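# Coordinate analysis (summary)
Take a look at the letters that make up each chain.
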Amino acid sequence: MENKKKRTTIILFSGDYDKTMAAFIIANGAAAYDHEVTIFATFWGLNAFRKQERISVKKGLLEKMFGRMMPRGAEKLALSKMNFMGAGPQMIKRVMKKHNALTPTELMDMAKEQGVKLIACTMTMDLLGLHKDELIDGLEYAGVAAYLGEAAEGNVNLFI
Amino acid sequence: MENKKKRTTIILFSGDYDKTMAAFIIANGAAAYDHEVTIFATFWGLNAFRKQERISVKKGLLEKMFGRMMPRGAEKLALSKMNFMGAGPQMIKRVMKKHNALTPTELMDMAKEQGVKLIACTMTMDLLGLHKDELIDGLEYAGVAAYLGEAAEGNVNLFI
Amino acid sequence: MENKKKRTTIILFSGDYDKTMAAFIIANGAAAYDHEVTIFATFWGLNAFRKQERISVKKGLLEKMFGRMMPRGAEKLALSKMNFMGAGPQMIKRVMKKHNALTPTELMDMAKEQGVKLIACTMTMDLLGLHKDELIDGLEYAGVAAYLGEAAEGNVNLFI
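These remarks concern the structure in this document. (Residues numbered from 1 in each chain as written. Chains lettered and ligands numbered in written order. Predicted model: local features only at pLDDT ≥ 70, side-chain atom pairs only at ≥ 80, totals over all residues. Heavy atoms only, no water.)

Each partner contributes residues to the interface: chain C has 30 residues there, and chain A has 31 residues. Counting the contacts that link chain C with chain A gives three salt bridges. Between A:Lys6 and C:Glu153 there is a salt bridge whose closest N-O contact spans 3.6 Å. Taken together, the connections running from chain C to chain A amount to nine residue pairs in polar contact (both at pLDDT 80 or more). Counted by class, the side of chain C that touches chain A contains 21 nonpolar, five polar and four charged residues. (Contact = heavy atoms within 4.5 Å. Salt bridge = Lys/Arg side-chain N within 4 Å of Asp/Glu carboxyl O. Polar contact = N/O pair within 3.5 Å; in protein donor to acceptor, adjacent residues only side chain to side chain. Nonpolar A, V, L, I, M, F, W, Y, C, P; charged D, E, K, R; others polar.)

This is the structure we're talking about:
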């Protein structure tokens, strides 16, 4: 393992504001330490990769319902704890601003700049009816096999 | 590490429908890529291994209460997000059927066929009063030491 | 990897009673098997390291609000499932007592005795306004870089 590049992979499953932040803070840290880093967004985690604006795509009824109920983009996500019907994220955003902490969007931009590979799980996209047009730019599209290929070569493999 | 078989271990802690699906999709993928795979079900994760039918076992009052309140089997689990008092799982099941996705029960059967080792955490069984008779067939019974023995030899080690 | 000491790292993110127990049971098990073990407590996970008594520290208003709303110490945490407005933890505590299971506080003491390294995430402390005086003794204070330094050398790396 001495001559090999270190590798960090993160399965981003949860669609929580705080967990998404944690995932990208770890990813950016690992990239800064020269790891090859992959974030594989699946299930609700994919909501962090949705565009903020509403994109009109032809969908079935169920997929339309999921599309409407799920948050569009990282800044709209709820907290995993102390969400208080939406007041929690506002409080967190205020302390983050006060302490000059990076927002999830800024953390994601930094991750892209540092070459972190962002993969959208195609099985989830199919299931929840999410189209490429609805997701942010700069993503790769793949399934669990791609994730396993990366994870099997590394050792810092997290499910968040 | 070159000559050794790859190894994937998953601690299945959460008793969520979606997370259980994710765990078994990863496990089946890893098994297909010839990893040795272990799922160690502990705490609420053990509910995925309960038989669907009610099994009569002699228990203390507290254990009886846990037994009644906890879901019996993977198909009865709630979603970690957007559960909507039970409507969420129905919606998910409908899109899954539409897209021919495998149910948790089918994913578990496939895992067994592929030789994925399913371990029920004996400490949790003791604590929550779950008997072997209440759990599905094909499980091994062990504690955290067994998990660590497997995890220490692998590198794709997830807590779900 | 043969001659190297095994290493287990846990990011303790969730502030749940049951997940905190699971984290420390794994940590103690790994320490017993002679792994070098690190628990890196971040976000709500840091609440497990708060002192039970109220400590008076000068804070801003937002930080004061977080300080009041977040539980003080591991014994005050809620369950991730079946919390039932606080009845769940009481039920769990009763079955734990019945089965002579160790409480989170006892598990943490054992972890310290076994040399498990407990790190409090300084970024979270800054963000949520938690002071060293409010946290239990025996902690180290560091950021994500310290975590990555440890995780990159091990293979049992969990996010709980």
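Next up on the list: the packing of helix H2 (residues 61–69) of chain A against helix H3 (residues 87–98) of chain B. Packing of H2(A) against H3(B) brings their axes to within 10 Å, and their N-to-C directions diverge by 135°. Taken together, the axes of H2(A) and H3(B) are oblique relative to one another. Of the two possible hands of crossing, H2(A) and H3(B) adopt the one that is left-handed. In this structure, H2(A) contributes A:Leu62, A:Glu63, A:Met65, A:Phe66 and A:Met69 to the contact, and H3(B) contributes B:Met91, B:Ile92, B:Arg94, B:Val95 and B:Lys98. Looking at side-chain class alone, the contact of H2(A) with H3(B) contains seven nonpolar, no polar and three charged residues. (Axes fitted to C-alpha atoms, helices over the stretch in contact; angles between N-to-C directions. Helix = DSSP H or I, 4+ residues; strand = E, 2+ residues; numbered from the N terminus. Parallel < 35°, antiparallel > 145°, perpendicular 65-115°, else oblique. Left-handed = near helix turned anticlockwise from the far one by under 90°.)

Our focus in this paragraph is the relation of the copies chain C and chain A. Between the two chain copies there is a screw-like relation: a rotation about an axis and a shift along it. Between chain C and chain A, the superposition needs a rotation of 120° and an axial shift of 0.0 Å, giving an RMSD of 0.0 Å. A rotation of that kind, with that shift, is consistent with a three-fold axis. The C-alpha atom lying nearest the rotation axis in chain C is that of C:Asn155; the distance is 2.9 Å. Each copy contacts the other with its own distinct surface, as only 17% of the interface residues of chain C are interface residues in chain A too. (Least-squares fit on C-alpha atoms with pLDDT ≥ 70 in both.)

Here we come to the packing of aromatic side chains. As enumerated under the stated definition, the model contains nine aromatic pairs over all chains in all. Considering the side-chain rings of A:Phe40 and A:Tyr147, the 5.8 Å spacing of their centres and the 35° angle between planes classify their relative orientation as tilted. Of this pair, A:Phe40 sits in strand E2 (residues 36–41) while A:Tyr147 sits in helix H6 (residues 144–151); the two residues are 107 residues apart in sequence, bridging distant segments of the chain. We note that A:Phe40, like A:Tyr147, is buried. Three or more aromatic residues link up through ring pairs in this structure, and these residues are A:Phe13, A:Phe43 and A:Phe159. A cation over an aromatic ring shows up here: B:Lys132 above the ring of B:Tyr141, its NZ or CZ 4.4 Å from the ring centre. (Phe/Tyr/Trp six-rings, centres within 6.5 Å; stacked < 30°, edge-to-face > 60°. Buried < 20%, exposed > 50% of the residue type's maximum accessible area, 1.4 Å probe, protein only. Lys NZ or Arg CZ within 6 Å of the ring centre and 35° of its normal.)

Let's shift gears to the pairing of strand E5 (residues 156–159) of chain A. Residues and elements named next belong to chain A. Neither face of E5 is exposed, since Val 156 and Leu 158 on one face and Asn 157 and Phe 159 on the opposite face are all buried. As defined by bridge partners, strand E1 (residues 7–12) adjoins E5 across four bridges and the pair is classed as parallel. Within the sheet, the bridge partner assigned to Ile 11 lies in E5 and is Phe 159. (Pairing = 2+ DSSP bridges.)

Attention shifts here to the sheet that holds strand E1 (residues 7–12) of chain C. Residues and elements named next belong to chain C. Strand order in this open sheet of five strands is E4-E3-E2-E1-E5, and the pairing throughout is parallel. Lying at the two open borders of the sheet, with one neighbouring strand each, are strand E4 (140–142) and strand E5 (156–159). The average undirected angle you get between the axes of adjacent strands in this sheet is 20°. Two strands pair when backbone bridges link them, and E1 and strand E2 (residues 36–41) are joined in this way by six bridges, in the parallel orientation. Across the sheet, Ile 11 pairs through a bridge with Phe 40, a residue of E2.

What the rule picks out here adds up to four cavities of 30 Å³ or more. For the largest cavity, the lining is made up of 14 residues, of which A:Lys19, A:Phe159, B:Lys19, C:Lys19 and C:Phe159 are closest to its centre. (1 Å grid on protein atoms, 1.4 Å probe; cavity = no way out; pocket = protein on both sides within 12 Å on 5 of 7 lines; lining within 4 Å. Points joined across faces, edges and corners; volume = space filled by probe spheres on them.)

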